[in-house]
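# Report on the structure
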Amino acid sequence: MSAPPVAADQLQPWDDLFSVASLPSGTWYAVGVAGTLLTSNDDGRTWRHREIAEVQPLGGLDLYSVRFADQKHGWICGEQGLVLRTDDGGETWRRQSTGVSEELYRLAPGDANDAIAVGTNGTILYTRDGGEHWRQKKQKGELDFFDATMSDASNAWVVGEFETILHTPDGGETWELQRGGTRANFRAAALFSVSFRDAQDGLVTGQSGFFATADRGRTWRSLPSSTDIPMYAAKFNDSRIWMAGDNGTLLDMALDAAQVVSTVQPAAATLTDIGFRGSTGIAVGLNGTVLRTDDSGAHWHKVGQK
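So, here is what we can say about the structure in this document. (Residues numbered from 1 in each chain as written. Predicted model: local features only at pLDDT ≥ 70, side-chain atom pairs only at ≥ 80, totals over all residues. Heavy atoms only, no water.)

### Looking at the overall build of the protein
Counted only if it meets this: Numbering of helices and strands starts at the N terminus; helices are DSSP runs of H or I of at least 4 residues and strands are runs of E of at least 2. Only the C-alpha atoms count toward the radius of gyration. The rule for a globule is 2.2 Å times the residue count to the power 0.38. Summary of the burial criterion: residues with accessible area below 20% of their type's maximum are buried, those above 50% are exposed, and those between are partly exposed, where the area comes from a 1.4 Å probe applied to protein chains only. Only heavy atoms enter the contact rule, under which two residues are in contact if any of them lie within 4.5 Å. Here, Shrake-Rupley sampling with a 1.4 Å probe gives the accessible areas, and only protein chains in the shown set may cover a residue.
In terms of helices and strands, the protein carries zero helices and 29 strands. Here the C-alpha atoms of the protein give a radius of gyration of 18 Å, agreeing with the 19 Å that 2.2 N^0.38 yields for 306 residues. In terms of overall dimensions, the protein has C-alpha extents of about 50 × 45 × 30 Å along its principal axes. A buried classification covers 58% of the 306 residues belonging to the protein. Sequence-distant contacts in the protein: of pairs separated by 6 or more residues, those separated by 24 or more amount to 45%. When the accessible surface of the protein is split by element, carbon and sulfur atoms take 46% of a total near 12400 Å².

See the structure below:
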């Protein structure tokens, strides 16, 4: 069941959005508070509220992450260990058993079969069979993990509290610590986002500052920044990387740049996620914020406003 199109400025103020992702066809999905699911079939110009009727009742659970492996296969994750799977490009969703009740903040697919999900109290889940079976690799120290990414079916990175960065070379079965990982360093800020352009070049962002790698995370170097605003999401778009964070801030930089080359604030609300499909980009955030660009970030505007 779907509702009439809704402009972003017509969303209710409590419709906080936490994640956005696109299909290769140009269909976009955004998820958020209390089971909120929005879809766009025109490359992000207009959006519709959707009900996930196949898995109701969700009990008002927050949905924290939506990601797709290809045109047909994708996942949503959220509160209380919730994981939903689609095999038809988001038309229908079915609940998968994870065996955990922790908050799952982010899910990252490597392909239609392999994926990683992360969340509170050291929770890392992985699947090698499309989510039919989720296996847990709970980490010592019970740190909260906020984001994950897979560059292929084997290599994945996870980031979280106390500048923690973990890497797996085998799809989630074993993990190695690349940075942080201890509560003893109280000065170490949380890392909220990780993005890799390929299996070598990656960037993490967080509470304060950025770190980059060119060797699969064996070494991470600190990058100078023109802002101390926390950044909650980062995505590569060709040779550039875009970051989204507090106060509606969007940052644009090249991975090898000496500093951030542009900073824009097209909205006041905190931005929680960002995605690109070619030259089209969508950023979402609190208070129902949806921002769109169709020129690779040269100009951003709120959807439904000129």
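### Topic: the nonpolar core
The test is simple: The nonpolar core is taken to be a set of buried Ala, Val, Leu, Ile, Met, Phe, Trp, Tyr and Cys residues, with the residues joined through side-chain atoms within 4.5 Å.
Core analysis: the biggest nonpolar cluster contains 15 residues, and L37, I52, V66, F68, I76 and W93 have the highest contact counts within it. Elements supplying a minimum of two residues to this core: β3 (28–32) and β6 (63–68). At three residues, the largest contribution of residues to this core is made by β6. Beyond its immediate sequence surroundings of up to four residues, L37 is in contact with Y29, A30, V31, R48, H49, R50, I52, I76 and W93.

### Description of the sheet that holds strand β24 (residues 250–254)
To be explicit about the condition: Any two strands with at least two DSSP bridges between them are considered paired. A fitted line through C-alpha atoms represents every axis, and for helices the fit uses only the stretch in contact; the resulting angles, taken between N-to-C directions, go from 0 to 180 degrees.
With antiparallel pairing, four strands are arranged side by side in an open sheet as β22-β23-β24-β25. Strand pairing shows two members of the sheet lacking a second neighbour, β22 (231–237) and β25 (262–264), which therefore form its edges. Across the sheet, the axes of successive neighbouring strands diverge by a mean angle of 20°, strand direction being ignored. Two strands pair when backbone bridges link them, and β22 and strand β23 (residues 240–245) are joined in this way by six bridges, in the antiparallel orientation.

### Some thoughts on the side chain of S65
How we decide: Here a polar contact means two N or O atoms within 3.5 Å. Within protein one must be a hydrogen donor candidate and the other an acceptor candidate, and residues neighboring in sequence count only if both atoms are side-chain atoms.
If you trace the backbone, S65 turns up in strand β6. For S65, a relative accessible area of 0% translates into the label buried. Engagement of the side chain of S65 in a polar contact is seen with the backbone nitrogen of L107, the distance being 3.2 Å. The residues contacting S65, other than those within four sequence positions of it, are S19, V31, W75, I76, C77, Y105, R106 and L107.

### Let's talk about the pattern of salt bridges
To keep it simple, the criterion reads: We count a salt bridge whenever a side-chain nitrogen from Lys or Arg sits within 4 Å of a carboxyl oxygen from Asp or Glu.
Within this structure, the stated rule accounts for 13 salt bridges. Of the charged contacts, one joins R94 and D87 as a salt bridge, the two residues approaching to 3.4 Å between their closest N and O atoms. Classification of R94 by relative accessible area gives partly exposed; the value is 34%. In this structure D87 comes out as partly exposed when scored by relative accessible area, which is 33%. In this structure, R128 and D114 form a salt bridge, with 2.2 Å as the shortest nitrogen-oxygen distance. Note that R128 is positioned in the loop between β12 (124–127) and β13 (135–136) and D114 in the loop between β10 (104–109) and β11 (115–119), a separation of 14 residues in sequence.

### Thoughts on the pairing of strand β19 (residues 202–206)
A large share of β19 lies buried, amounting to five of its five residues. Burial along β19 is two-sided: the face carrying G202, V204 and G206 and the face carrying L203 and T205 are both buried. With five bridges connecting them, strand β18 (residues 191–196) and β19 associate as antiparallel partners. When the bridges of β19 are listed, F196 appears paired with G202. Joining the antiparallel neighbours β18 and β19 is a turn of five residues.

### Looking at the environment of A189
Position of A189 relative to the elements: it lies in the loop between β17 (176–179) and β18. Linking A189 and G297, residues 108 residues apart in sequence, is a C-alpha distance of 28 Å.

### Some thoughts on the environment of V290
When you line up the elements, V290 lands in strand β28 (residues 290–293). On the accessibility criterion, V290 (2% relative accessible area) is buried. As a C-alpha pair, V290 and W75 span 215 residues in sequence and 21 Å in three-dimensional space.

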